[in-house]
Amino acid sequence: MELKDDITQLNNIHDLLADSRKGYMEAADKADNGHVKELLNRLASSRVQLLSEVVALSRQADPSKEPREAGTLKGDLHRAWMDIREALSSNDSTSMLNECERGEQYLLDRYDAVLDKEVSSPTRALATSQRATVQQNLDHVKQVSKTMELAEKEISIPEARSPIIVQRHLAFLFHERS
């Protein structure tokens with residue numbers, strides 16, 4: 001398999017990364033919780049790096065092709081749905097994190113689909129590397145989501161309900177990732 005044969009796969013990855021970057025930027029603008037806002041900004045920033053890697057490999061595959069700019073209609077519709085859900089939700093941080101989990105899982109599934117196909121070595125290496133990054137992002141989002149859920153639940157441990165304890169745990173999670 002030659003790299004030029006992977007253009008469709010690279011375009012699909014590009015569009016999904018562009019969609020998720022836009023979604024994270026929009027969600028970060030709307031987030032009330034500072035830690036959630038920071039997480040969303042980090043995820044959007046990480047997409048810039050992933051996108052640049054895909055663009056570089058796409059140019060290598062077809063130097064005459066114009067770079068892609070936008071994402072997909074499906075991504076635009078998903079962000080609109082997130083806006084509606086946010087408006088109806090009593091806790092937008094939890095909803096945002098749930099959507100982040102769904103989005104990261106969807107992206108992992110797309111990387112798996114690429115890796116299940118016969119693709120060139122450079123495309124396989126890129127998809128494998130980027131899939132690992134997205135998996136780390138998903139794991140981190142899940143950690144933050146669990147901490148937020150702990151803060152929202154009424155549990156029997158008084159110190160676990162304390163906003164200070166929750167803030168310290170979130171700070172620890174974010175410091176650990178830096």
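The model shown is predicted, which means the values in this text are computed figures rather than measured ones. (Residues numbered from 1 in each chain as written. Predicted model: local features only at pLDDT ≥ 70, side-chain atom pairs only at ≥ 80, totals over all residues. Heavy atoms only, no water.)

## Here we look at the packing of helix 1 (residues 7–30) against helix 2 (residues 34–61)
The interhelical angle for the contact between helix 1 and helix 2, taken along N-to-C directions, is 160°, at an axis separation of 8 Å. Of the possible angle classes, the one that applies to helix 1 and helix 2 is roughly antiparallel. Note on packing geometry: the crossing formed by helix 1 with helix 2 is left-handed. Its residues assigned to classes, the contact of helix 1 with helix 2 comprises 19 nonpolar, 4 polar and 4 charged. (Axes fitted to C-alpha atoms, helices over the stretch in contact; angles between N-to-C directions. Helix = DSSP H or I, 4+ residues; strand = E, 2+ residues; numbered from the N terminus. Parallel < 35°, antiparallel > 145°, perpendicular 65-115°, else oblique. Left-handed = near helix turned anticlockwise from the far one by under 90°. Nonpolar A, V, L, I, M, F, W, Y, C, P; charged D, E, K, R; others polar.)

## Structural notes on the environment of Asp139
Within the secondary structure, Asp139 is located in helix 5 (residues 121–152). Along the chain, Asp139 and Glu101 lie 38 residues apart, while their C-alpha atoms are 8.7 Å from each other.

## Here we look at helix 2
Taking 1.5 Å of rise per residue, 28 residues should cover 40 Å, and helix 2 covers 41 Å from first to last C-alpha, within 8% of that figure. Between the side-chain oxygen at the start of helix 2 and the backbone nitrogen of His35 there is a gap of 2.8 Å, and the oxygen is on Asn33. (Expected span 1.5 Å × (residues − 1). Polar contact = N/O pair within 3.5 Å; in protein donor to acceptor, adjacent residues only side chain to side chain.)

## Let's talk about the packing of aromatic side chains
The description of an aromatic ring pair uses the distance of the two centres, along with the angle that the planes make with each other. Going through the model one piece at a time under the given rule, you end up with 0 aromatic pairs. Geometry around Tyr106 places Arg110 over its ring, the cationic atom sitting 4.5 Å from the centre. (Phe/Tyr/Trp six-rings, centres within 6.5 Å; stacked < 30°, edge-to-face > 60°. Lys NZ or Arg CZ within 6 Å of the ring centre and 35° of its normal.)

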